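Coordinate analysis (summary)
Here is how the chains run, residue by residue.
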Amino acid sequence: MELPFLDEEIVALKEKGRYRFLRRLSTPQDARITIEGKEVLNFSSNNYLGLANHPEVVAALADYAGRYGVGSGASRLISGHMDVHAELEEAMARFKGSEGCLTFSAGYMANLGILSTLGSPDTTIFSDEWNHASIVDGCRLSRARVEVYRHTDVTHLEDLLRASSSRRKIVVTDGVFSMDGDIAPLPDLVTVKDRYGAILVVDDAHAVGVLPPRGRGSADHFGLSGRVEILMGTFSKALGTYGAYLCSTRRMVEYFINKCRPFIFNTGLPPAIAGATLASLGILTREPGRLKALWENGRLFRNEMEARGREAGSDTAIVPILVGTDGDTMAVSRALFDRGVFVHGIRPPTVPEGTGRLRLTLMATHTAEMVRTAAARIDEALRERGIGTNGAIAEKR
Ligand SMILES: *Cc1c(COP(=O)(O)O)cnc(C)c1O
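Okay, so let's go over this structure. No experiment lies behind these values; they were computed from the predicted model shown. (Residues numbered from 1 in each chain as written. Predicted model: local features only at pLDDT ≥ 70, side-chain atom pairs only at ≥ 80, totals over all residues. Heavy atoms only, no water.)

Some details on the state of the cysteines
Taken as a whole and assessed by the stated rule, the structure comprises zero disulfides. Not engaged in a disulfide, the cysteine cysteine 139 finds its nearest cysteine sulfur in cysteine 260; these two sulfurs lie 15 Å apart. Note on cysteine 247: no disulfide assigned, nearest cysteine sulfur contributed by cysteine 101 at a separation of 3.9 Å. You can call cysteine 247 buried: its relative accessible area is 1%. (Disulfide = S-S within 2.5 Å. Buried < 20%, exposed > 50% of the residue type's maximum accessible area, 1.4 Å probe, protein only.)

In structure tokens form, the structure reads like this:
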């Protein structure tokens with residue numbers, strides 16, 4: 001059968017510079033990787049603490065696979081709830097300082113589940129405009145009314161809350177924003193959501209293992225544990241494995257077990273992955289030096305960029321470097337790759353129009369030399385393309 005829309009839309013994407021394709025990695029997700037057959041420094045990984053290929057985590061995976069097999073074989077409510085799931089949920093609840101925890105097979109699923117379970121047609125979800133795509137899709141699936149507030153603008157959020165007559169109100173935000181690396185204004189969000197009786201949901205995918213002092217997420221960072229109704233996060237980023245969790249009260253967990261379709265109708269997390277995650281959680285807790293090294297690398301990178309007259313936004317492990325047009329963004333990323341530094345370019349619709357950027361991520365396993373090299377190469381590549389400091393597009397000769 002002829003399906004001309006496939007060709008038409010793909011050609012259109014290529015013409016717009018929005019075509020996406022996969023790159024092949026032949027090594028673990030480390031500070032140095034081989035990608036498309038070329039060895040490069042990796043500045044585009046969420047393996048912030050080097051746990052994805054840590055020997056102890058790899059050994060735990062093999063050990064738990066030996067004890068429980070690879071797959072869990074059923075949804076958790078049928079027969080797929082094993083000892084290791086319960087152990088991981090207990091460990092996560094302790095780690096996050098919450099009563100209860102429920103795991104999901106991915107962060108994407110968790111956000112679909114949280115928002116569709118709490119949302120309903122008589123609910124309004126207030127969502128930061130830069131929230132992760134899985135939150136946007138969770139809002140859609142919930143059939144709730146959705147009000148998008150300007151990025152981190154708590155005054156705007158409060159205006160929307162005040163004007164709302166919905167019986168149930170949910171405020172949802174990334175703890176650390178995935179494209180810009182900035183931290184949500186949690187103290188103000190907590191004050192405002194309390195004032196209007198709203199449920200606060202925080203997605204800490206990029207906060208756990210990253211934010212000081214303990215890597216336990218944004219609420220812990222601000223000393224607000226216990227003040228946020230739903231703490232969600234993933235195992236797939238700093239913890240280096242796969243899957244996700246929701247931490248909340250025991251009552252909330254019980255409610256989700258009974259009501260959350262992406263939990264009920266989905267096979268449980270593979271037990272080997274759950275066991276590996278227990279191991280990474282142990283390393284994160286007993287080796288605070290990893291988080292410190294990640295933070296040091298962030299400081300070093302920002303200093304190196306500032307020394308070259310360039311602003312490197314954000315205080316976290318995600319550092320956006322503004323480029324501008326889609327064409328320039330991809331060209332700079334390509335030039336860096338050719339020089340042995342892998343930094344992914346991010347274009348619309350993932351980020352707003354005209355704000356194409358390099359999205360650099362640091363790892364605890366980068367050496368200082370690697371970080372210095374990245375800053376120097378990035379500055380060179382931007383200058384060659386006529387892109388001045390402050391991300392402004394300098395006049396091209
Ligand atoms: C990565 C990410 C997710 C999705 O998590 P997966 O486990 O990869 O499905 C959700 N929210 C945020 C903010 C993320 O960065």
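Don't stop here, the text continues.
Describing the pairing of strand β13 (residues 356-361)
In terms of residue burial, β13 counts as a mostly covered element, since six of its six residues are buried. Neither face of β13 is exposed, since Gly356, Leu358 and Leu360 on one face and Arg357, Arg359 and Thr361 on the opposite face are all buried. As judged from the six bridges shared by strand β10 (residues 318-324) and β13, these two strands associate in the antiparallel manner. Bridged to leucine 322 within β13 is arginine 357. Bridging between strand β12 (residues 344-346) and β13 involves three bridges; their strand directions are antiparallel. In the strand pairing of β13, isoleucine 346 is matched with arginine 357. (Helix = DSSP H or I, 4+ residues; strand = E, 2+ residues; numbered from the N terminus. Pairing = 2+ DSSP bridges.)

Section: the pattern of salt bridges
Overall, the coordinates contain 33 salt bridges when judged by the stated rule. Here lysine 193 makes a salt bridge to aspartate 194, at a shortest N to O gap of 2.7 Å. When its relative accessible area of 2% is taken as the criterion, lysine 193 is described as buried. Salt bridges linked by common partners bring Glu56, Arg286, Glu287 and Arg290 together as one network. (Salt bridge = Lys/Arg side-chain N within 4 Å of Asp/Glu carboxyl O.)

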